Every structure is written in C-alpha cells, then in structure tokens.
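Coordinate analysis (summary)
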Amino acid sequence: MYLDQEVMSCMSMRITKEIRILRKDMKHIIIITGAGKGIGKAVAIDFAKASKREPDFEPHLILVSRTLGDLETVATQCRSCGATAEVFQADIANMSQIDQLVSGTLERHGAIDCLINNAGVGRFKPFTEVTEEDYEYTMATNLKGTFFLTQKVFPVMEKKRSGHIFFITSIAAETAFKSSSLYSMSKFGQKGFLEAIRLYAKSCNVRITNVMPGAVHTPMWGEVPDEMKAVMMIPEDISSPLVNAYLLPQRTSVEELVLRPVSGDLNE
Ligand code: NAP
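Residues numbered from 1 in each chain as written. Predicted model: local features only at pLDDT ≥ 70, side-chain atom pairs only at ≥ 80, totals over all residues.

Some thoughts on the overall build of the chain
Secondary structure assignment for the chain yields 8 helices and 7 strands. For 268 residues, the compact-globule estimate of 2.2 N^0.38 gives 18 Å, and the chain sits close to it at 19 Å. With respect to the three principal axes, the spread of C-alpha positions in the chain is 60 × 50 × 40 Å. Within the chain, buried positions represent 38% of all 268 residues. Taking the contacts inside the chain whose residues are at least 6 apart along the sequence as the reference set, 73% of them involve residues at least 24 apart. (Helix = DSSP H or I, 4+ residues; strand = E, 2+ residues; numbered from the N terminus. Rg over C-alpha atoms; globule rule 2.2 N^0.38 Å. Buried ≥ 20, exposed ≤ 12 C-beta atoms within 10 Å, placed from the backbone. Contact = placed C-beta atoms within 7 Å.)

Written as structure tokens, this is what we have:
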C-alpha cells in the first residue's frame with residue numbers, strides 16, 4: 001500500500017513536532033571519540049547539521065582524538081553549521097586522560113547526554129605475524145579505552161535517568177575475516193561489553209546502540225584501489241542513521257544498526 005503525499009507529510013510533521021517537544025530547550029552535551037577523521041568526523045558534522053534542521057536541538061560537541069590539528073579543523077566545520085564545539089586532545093588508552101575528559105566535561109557543562117565510542121584502531125595481518133606490541137596497542141584503544149571511558153560516563157546518565165551511548169563496533173564484531181584476528185577479537189569484545197551493560201542501562205532509561213558497519217572508505221584503510229573504493233560505503237552513510245537514531249523519542253532505542261556495502265562484505 002502506498003501512502004499519499006499529504007498523509008506522509010502530516011506524519012513527518014507529527015514526528016518532527018514530537019522530537020521538538022521532547023527535547024525543547026535542551027543543550028545536548030555529546031562526546032565523540034576519534035572525531036578527527038573518518039566516521040567520527042562525519043558524526044560530528046552530521047550532529048552539527050541537525051542543529052540547523054531542528055531549531056530546538058542544540059548540540060554541544062566535545063571532539064576527542066590524539067591529533068589536535070584534525071580536531072580544530074572539524075570543530076571549525078561544526079561551528080560553521082551552527083553547533084558549538086570544543087576540542088579535547090586525549091588518548092583514550094590513557095586512564096588519566098579519560099579522567100580529565102570526563103571530569104572537565106562535568107565541571108564545564110554539568111552533564112553528558114551522549115557518548116559516541118568511535119575511536120578505534122586496526123592492524124590487519126595474518127595471525128602468525130601479530131606481535132605483542134600490535135596486541136597491546138589494539139586492545140588498549142578498542143577494549144580498555146572504550147571500557148573505562150564508558151564506565152566513567154555511565155553513572156552520570158544513570159543518575160539523570162537519561163542518555164545514549166553508541167559503540168561503533170564493526171561487522172567484524174560477529175563475522176571473522178582471515179587477516180582480522182586481533183581486530184575481530186577486540187570488536188567481538190566490544191559487542192560482548194555493550195550487550196552486558198545494556199542489561200543495566202535498560203533499567204535507568206539509558207539507550208545503548210551497537211553500530212556495525214562493513215567497509216567504509218576512511219583513513220583507516222590507507223590507500224585503496226579505485227575498484228575497491230567504488231563499492232565501499234562513505235562515512236556519511238554511517239553518521240546519518242546514527243544521528244537519526246539519537247533524535248528519536250527517548251522511549252525508543254535503536255539497539256543495532258547493521259550497515260553493509262550493497263554488494264556485501266569485502267574479502268568475503
Ligand atoms: P580512522 O579514519 O582511522 O579514524 C579513527 C579516529 O580515531 C581518528 O580520529 C583517530 O585519531 C582516533 N583514535 C584512534 N585511536 C585513538 C585513541 N587511542 N584515542 C583517541 N582517539 C583515537 O577510522 P574509521 O574508519 O573512521 O573508524 C572509526 C571506528 O569505526 C573504529 O572503531 C573502527 O574500528 C570502526 N569501523 C570502521 C570501519 C571502516 O571500514 N572504516 C568499518 C567498521 C567499523 P588520532 O589517531 O589522531 O588519535
């Protein structure tokens with residue numbers, strides 16, 4: 001059955017109005033890790049653009065990564081779209097830097113409404129060639145950093161009985177690829193962690209979303225041949241549904257977003 005245009009535009013006006021009523025006069029404090037490049041950068045810019053579409057949605061973006069220059073470029077782009085943004089140079093693998101990020105945010109803003117656990121690293125090589133340094137480096141960001149940042153942010157949301165935590169895991173969180181032993185191990189771990197904390201989160205109105213992308217063309221891949229680039233997704237393919245999931249009424253939690261190139265996974 002096709003809905004005619006009038007009915008559809010009424011429905012969309014109702015949904016938009018509902019979002020506005022639920023979020024009226026709220027400044028949204030949003031921390032995005034890995035916001036300097038790739039998917040995290042697209043998420044920051046899409047949140048900023050949403051502030052133009054939704055007059056009552058006022059995102060304040062806290063952009064985190066290890067490279068200050070990248071963050072400042074993204075912050076300028078976000079501000080030009082009408083959002084407020086600040087940068088925080090930090091390595092999420094470092095516990096004292098995580099502490100400073102969370103305590104500084106609370107001192108300045110008194111709240112954290114959304115955490116995007118996006119920062120992640122990947123070293124792709126055959127299992128037999130993985131070194132101890134590769135192992136420590138990957139786990140320090142993907143598992144330890146994600147775990148302890150979430151652990152510090154969660155009580156703030158629990159107390160307020162509202163909040164949203166996104167985890168950018170991967171298709172590799174449930175499908176194994178030959179050269180991704182270490183990466184997959186970390187991503188399967190992230191999925192286990194977020195599913196466990198969702199059991200707490202449900203009882204205090206906190207939404208937990210697992211975003212599972214397949215191949216997205218970002219700096220993580222380095223140079224890729226044109227024929228591969230042609231079939232990969234782009235960061236905005238991930239950021240757009242993520243921002244829409246956040247803007248849904250609080251009663252609704254998008255628990256998983258699975259996004260793949262239409263032709264399927266690379267290296268299948
Ligand atoms: P990317 O282009 O390499 O960007 C990663 C961002 O994370 C950069 O801004 C990087 O900045 C930051 N970062 C890395 N380690 C960090 C740390 N320890 N502390 C703070 N910031 C850190 O990667 P991407 O492709 O956008 O990937 C983003 C997330 O999506 C990752 O978790 C990745 O596993 C996941 N993912 C990617 C794909 C894909 O195909 N691209 C597919 C599925 C899932 P600095 O290096 O300056 O710190």
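Section: the environment of Ile 62
On the secondary structure map, Ile 62 appears in strand S2 (residues 57-65). Once the C-alpha coordinates of Ile 62 and Phe 177 are considered, the two residues, 115 residues apart in sequence, prove to be 33 Å apart. When residues no more than four places from it in sequence are discounted, the contact partners of Ile 62 are Ile 29, Ile 30, Ile 31, Glu 86, Phe 88 and Thr 105.

Observations regarding unusual backbone geometry
At Arg 161, a residue that is not glycine, the phi angle is positive and equals roughly 55°. For Arg 161, the location among the structural elements is in the loop between helix H5 (132-160) and strand S5 (163-168). Although it is not a glycine, Asn 205 sits at a positive phi angle of roughly 65°. Here Asn 205 shows up in the loop between helix H6 (181-201) and strand S6 (206-213).

Quick notes on the pairing of S6
For S6, a buried count of 8 out of 8 residues is recorded, marking the element as mostly surrounded by other parts of the structure. Every second residue of S6 is oriented toward a common face, with Val 206, Ile 208, Asn 210 and Met 212 on one face and Arg 207, Thr 209, Val 211 and Pro 213 on the other, all of them buried. As for the winding sense of the linkage, the β-α-β connection from S5 through H6 to S6 is right-handed. (Right-handed = clockwise from strand over helix to strand, strands pointing away.)

What to know about helix H8 (residues 235-247)
Under the 1.5 Å per step criterion, the end-to-end length of H8 is 19 Å for 13 residues, consistent within 8% with the ideal 18 Å. Taken together, the buried positions of H8 are Pro 235, Ile 238, Ser 239, Leu 242, Val 243 and Tyr 246. Buried residues of H8, viewed axially, fall in a sector of 120°; they line one side. Packed against the buried residues of H8 are helix H2 (38-53), strand S4 (114-117), S5, S6 and strand S7 (256-259). (Expected span 1.5 Å × (residues − 1). Arc of directions from axis to C-beta.)

Topic: the nonpolar core
Membership of the largest hydrophobic core comes to 61 residues, with the highest contact counts inside it found for Ile 32, Ala 44, Phe 47, Leu 61, Leu 63 and Cys 78. When residues no more than four places from it in sequence are discounted, the contact partners of Ile 32 are Gly 40, Val 43, Ala 44, Leu 61, Leu 63, Val 64, Ile 116 and Asn 118. (Core = buried A, V, L, I, M, F, W, Y, C linked by C-beta atoms within 7 Å.)

What about the site of the ligand?
Around the ligand sit 30 residues, and of these Gly 34, Gly 38, Arg 66, Thr 67 and Gly 120 come closest. Of all the secondary structure elements, the ones that give two or more residues to the shell around the ligand are H2, S2 and H5. Ranked by the residues each element gives to the shell around the ligand, the list is headed by H2, at 3 residues. In terms of residue class, the shell around the ligand is made up of 12 nonpolar, 14 polar and 4 charged. (Near = placed C-beta within 6 Å. Nonpolar A, V, L, I, M, F, W, Y, C, P; charged D, E, K, R; others polar.)

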